[in-house]
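Each chain, letter by letter, is given below.
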Amino acid sequence: MKALILAAGYATRLYPLTIGMPKPLLPIKDKPIINYTVEQLEKMAELDEIYVVTNHRFYKNFKTWASDYGCKKKITIVNDKTLTNEERLGAIGDIELVIKETKIDDDLVIVAGDNLFAFNLLDFVNFSRKYSPNCSVALHDINSLEEAKKFGIVTIDNDNKILHFTEKPAKPESTLVAICVYYFPKNKLSMVSKYLEQSKHSDAPGNYISWLVKKENVYGFTFNEEWYDIGDKHTYESIKDSYKGRQI
């Protein structure tokens, strides 16, 4: 099993904090945001490599971070070669790049580099394995229809199958949010390229999941623990000194 951390964005909404520092390396309490995810990944016995995809501007930042971290798993930093926000590949474009460039032929766990969550990532993987060879997505109920308009919203059945997925709906059907934590079995990795061939949307990962749900079964792992999508300065400033994370 492999893991991919998406860290190729330019985080313009957090300027000036992210002019010279990628968002996943901003500190939350005593360590970078990305460390909270890596600490969970390195405890997974089956996982043998962690890929971090970033852009050319922040490539050296991540190389230095990986060297200093001293992870128990192999960390490979992938440079998507972009230099500005305007030329970015988008999350799905970066996923396709890593799959092709590194020739991944294993099950793949994908996590956004700015995701902070307190659920056990291994529980998510074990859940996903029950529904393999289908893809799975982590879900969180934010209990606010107004806030739900900012995210990808899903409805699920009693077997955790996703029935509908709508990216940033004007009138949300539910408050169940799909966060950027995915499990793609190796036999489904080729679907990413098929999506990009048929669609012009290479950025929001939710657009891919919405497309995938219409073609085959996708399952949702619902968690109740803390979760933050660090999309702006207000969210970052409100938790940077208080977040506890998962105690592992």
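For the structure, check the block above.
What counts and what doesn't
- Residues numbered from 1 in each chain as written.
- Predicted model: local features only at pLDDT ≥ 70, side-chain atom pairs only at ≥ 80, totals over all residues.
- Heavy atoms only, no water.
- Disulfide = S-S within 2.5 Å.
- Buried < 20%, exposed > 50% of the residue type's maximum accessible area, 1.4 Å probe, protein only.
- Salt bridge = Lys/Arg side-chain N within 4 Å of Asp/Glu carboxyl O.
- Helix = DSSP H or I, 4+ residues; strand = E, 2+ residues; numbered from the N terminus.
- Pairing = 2+ DSSP bridges.
- Axes fitted to C-alpha atoms, helices over the stretch in contact; angles between N-to-C directions.
- Parallel < 35°, antiparallel > 145°, perpendicular 65-115°, else oblique.
- Left-handed = near helix turned anticlockwise from the far one by under 90°.
- Contact = heavy atoms within 4.5 Å.
- Core = buried A, V, L, I, M, F, W, Y, C linked by side-chain atoms within 4.5 Å.

What to know about the state of the cysteines
One covalent bond between the sulfur atoms of two cysteine residues makes up a disulfide.
Okay, step 1: Evaluated as defined, the whole model comprises 0 disulfides.
Okay, step 2: Free cysteine: Cys71, not disulfide-bonded; nearest cysteine sulfur from Cys180 at 20 Å.
Okay, step 3: Note on Cys71: relative accessible area 17%, which makes it buried.
Okay, step 4: Left unpaired, Cys180 is separated from the closest cysteine sulfur, that of Cys135, by 13 Å.
Okay, step 5: For Cys180, a relative accessible area of 14% corresponds to the buried category.

Some words on the pattern of salt bridges
Okay, step 1: Per the stated rule, a full pass over the model turns up 12 salt bridges.
Okay, step 2: In this structure, Asp48 and Lys2 form a salt bridge, with 3.1 Å as the shortest nitrogen-oxygen distance. Taken as a pair, Asp48 in the loop between α1 (33–41) and β4 (49–54) and Lys2 in strand β1 (residues 2–6) lie far apart in primary sequence, 46 residues in all.
Okay, step 3: Given a relative accessible area of 41%, Asp48 falls into the partly exposed group.

Here's the deal with unusual backbone geometry
Okay, step 1: With an omega dihedral of 5 degrees, the bond running from Tyr15 to Pro16 counts as a cis peptide bond.
Okay, step 2: Assignment of secondary structure puts Pro16 in the loop between β1 and β2 (27–28).
Okay, step 3: Ser132 connects to Pro133 through a cis peptide bond whose omega is 15 degrees.
Okay, step 4: Mapping Pro133 onto the fold places it in the loop between α4 (121–131) and β8 (135–141).
Okay, step 5: For Ala11, which is not a glycine, the phi torsion comes out positive at approximately 50 degrees.

Notes on α1
Okay, step 1: Buried residues dominate α1, accounting for 9 of its 9 residues.
Okay, step 2: Taken as a whole, α1 has its buried residues at Ile33, Ile34, Asn35, Tyr36, Thr37, Val38, Glu39, Gln40 and Leu41.

Overview of the pairing of strand β11 (residues 176–184)
Okay, step 1: For β11, the buried fraction is high: 9 of the 9 residues fall into the buried class.
Okay, step 2: Looking at chain direction, strand β6 (residues 108–112) and β11 are connected through 4 bridges and run antiparallel. Counted as the bridge partner of Val109 is Tyr183 from β11.

Brief notes about the packing of α1 against helix α2 (residues 59–69)
Okay, step 1: For the pair α1 and α2, the least separation of the axes is 13 Å and the interaxial angle reads 50 degrees. In terms of orientation, α1 and α2 fall into the oblique class. Here α1 runs over α2; the crossing is right-handed. Facing α1, whose interface residues are Ile34, Asn35, Val38 and Glu39, α2 presents Phe62, Trp65 and Tyr69.

Things to note about the nonpolar core
Okay, step 1: Judged by nonpolar contacts, the single largest core of 41 residues is most densely connected at Ile50, Val52, Phe62, Trp65, Phe119, Leu121 and Val181.
Okay, step 2: Counting residues per element, this core draws most heavily on α4, which supplies 5 residues.
Okay, step 3: If sequence neighbours within four positions are ignored, Val52 has contacts with Ile5, Ala7, Ile34, Phe62, Trp65, Ile75, Thr76, Ile77 and Val78.
Okay, step 4: If you look at the next biggest cluster of nonpolar residues, it comprises 36 residues, including Leu6, Val98, Cys180 and Tyr208.

No statement about biological role is implied by the geometric values presented.
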